[in-house]
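Given next are the chains, with one letter for each unit.
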Amino acid sequence: MEPQYRIIFHIDLNAFFASCEITRRPELAHRPVAVGGRKGSARGVVTTANYVARKFGIHSAMPMATAKRKCRQLVVLPADFELYKKVSRQFFEMLGEYSPLVEKASIDEAYMDMSHHFPKNHPQALAHQIQKRVNEELGIGCSIGIAPNKFLAKMASDMKKPNGLTILRKRDLPSILWPLPIEAMHGIGKSSAPKLKLMGIETIGDLANLKDTAKMEQLLGPHSLKWVDRAKGKDRRPVDVERYDTLASIGHSTTFPKDYVFEEQIKGKLLLMCQKTARRLMVGKKYGKTISVQMKGADFKNASKSKTLAVPIQRAEEIYQIAEELFDGHWEGEPLRLIGVTAANLTSSKKVTTQLDLFNYQSFATEEKINKTVREITKKHGSVLSKGIAKHEPKI
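Residues numbered from 1 in each chain as written. Predicted model: local features only at pLDDT ≥ 70, side-chain atom pairs only at ≥ 80, totals over all residues. Heavy atoms only, no water.

S.K.: I'm lost on the pattern of salt bridges in this one. Help?
M.R.: A side chain with one charge may pair with a side chain of the opposite charge, provided their charged atoms come close. This structure, assessed with the given rule, holds 22 salt bridges. Across the pair E82 and K85 runs a salt bridge whose closest N-O atoms are separated by 3.1 Å. Taken together, the residues E82 and K85, both in helix 4 (residues 81-95) and three residues apart, mark about one turn of the helix. The exposure class assigned to E82 is exposed, which follows from its relative accessible area of 55%. A network of salt bridges, in which partner residues are shared, links D12, E109, K154, D158 and K161. (Salt bridge = Lys/Arg side-chain N within 4 Å of Asp/Glu carboxyl O. Helix = DSSP H or I, 4+ residues; strand = E, 2+ residues; numbered from the N terminus. Buried < 20%, exposed > 50% of the residue type's maximum accessible area, 1.4 Å probe, protein only.)

S.K.: Help me out: how do you make sense of helix 12 (residues 263-283) in this one?
M.R.: Turn by turn, an α-helix covers 3.6 residues, leaving residues three or four places apart pointing in a common direction. Its 21 residues give helix 12 an end-to-end C-alpha distance of 30 Å, which sits within 8% of 30 Å, the value for a rise of 1.5 Å per residue. Looking at the residues trailing helix 12, positive phi occurs at K285, about 55 degrees. (Expected span 1.5 Å × (residues − 1).)

S.K.: I keep staring at unusual backbone geometry and nothing clicks. Help me out?
M.R.: Trans is the common state for peptide bonds, and a negative phi is the common state for residues other than glycine. Following F118, the chain continues into P119 via a peptide bond in cis, with omega recorded as 0 degrees. Within the secondary structure, P119 sits in the loop between strand 6 (109-113) and helix 5 (123-138). Of note, the amide linkage connecting K161 to P162 takes the cis form, showing an omega dihedral of -5 degrees. In this fold, P162 is placed in the loop between helix 6 (150-157) and strand 8 (165-167).

S.K.: Looking at this structure, I do not really get the sheet that holds strand 11 (residues 302-313). What am I missing?
M.R.: Within a sheet, adjacent strands bond to each other through the backbone by hydrogen bonds, running parallel or antiparallel. Read across the open sheet, the four strands follow the order 9-12-10-11; overall the sheet is antiparallel. If you trace the sheet from one side to the other, it starts and ends with strand 9 (249-260) and strand 11, each paired once. Between one strand axis and the next, the sheet turns through 15 degrees on average, direction left out of account. As paired elements, strand 10 (residues 287-297) and strand 11 share eight bridges and run antiparallel to each other. Following the sheet pairing, V293 is matched in strand 11 by K305. Across the sheet, helix 12 lies against strand 9, strand 10, strand 11 and strand 12 (336-347), angled at about 155 degrees from strand 9, the strand it touches most. Along the sheet, helix 13 (residues 316-330) makes contact with strand 10, strand 11 and strand 12, crossing strand 11 at roughly 145 degrees. (Pairing = 2+ DSSP bridges. Axes fitted to C-alpha atoms, helices over the stretch in contact; angles between N-to-C directions. Contact = heavy atoms within 4.5 Å.)

Right, dumping it as structure tokens:
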């Protein structure tokens, strides 16, 4: 039965990786700090920047070379994932003292169902208490959003950073949420926002009051209809304690030592990423229904293409077949800096029993041809399946 009311917190640790580094190097507190890359590496991108660095226009995913040009006094630190995991564990253990219903949204953010505290404890007082403890015990600031559901709580926590506390009620939507630009809405990606603007949807309020939802569904797919409900403040999703423990996707990417322009070189790396992804799928006993290929050009612009299959796959040659198809359909010969492959919509079994029939026999007949192509590329570029995954990859 749907509860009569819900009190949901969304808690987001501020500039988490950089904040963790500053806790052990307090002298950096007022200096611009960026975390990213490995020790001794000249390449890489910014993983996190503290708020001092952000005043110079530095942000996550920015090439480190660009960040250094923007701020010559920038302190660049290599990532220490063991430290971040340790602090994250302490953070979630602390939250567990306040509610048994804590959902890990990522290593540094969480949803909490705090409904059971009402009316004995005021939500705002509890939020201040949590902020105080996180700051004193972990040495890190956090922003908290309080709302009747997860979507509004997430939007609220983003409104005042760093160290903000925002309460967002449904009656506040017309004055607080709806005037915001559509790009500010959680769940609306960089590729979706321009398409919505073509329909005249400039603000979250425009989306909430949209009448012709059929046109949006045709343009952006049936999943887009949930955005209208979210804009209206509707979100019935429960706080899911086990959600973070279920992998959403498995993938690998690689940054080239220089801009790659030759198809053979790029496809060799693409195959390696497929093999690494396949290995992790096999180890985790998972199959993927959606395969995506990520590309980053020499201008650092990202592009991603994906395909969802009727039957989930796991083997490297199957993944490469889809990845190559996506790559060939999108790449136009421009220099590339990065290539990546991701398997999403994961499942623990194929779920569909493969049966030869009039409609799929041709794909099986051509499988040997595909395998032959893969073997030829593997012969030139080597296979990582026999070598396993690199042992030094950070796992969070």
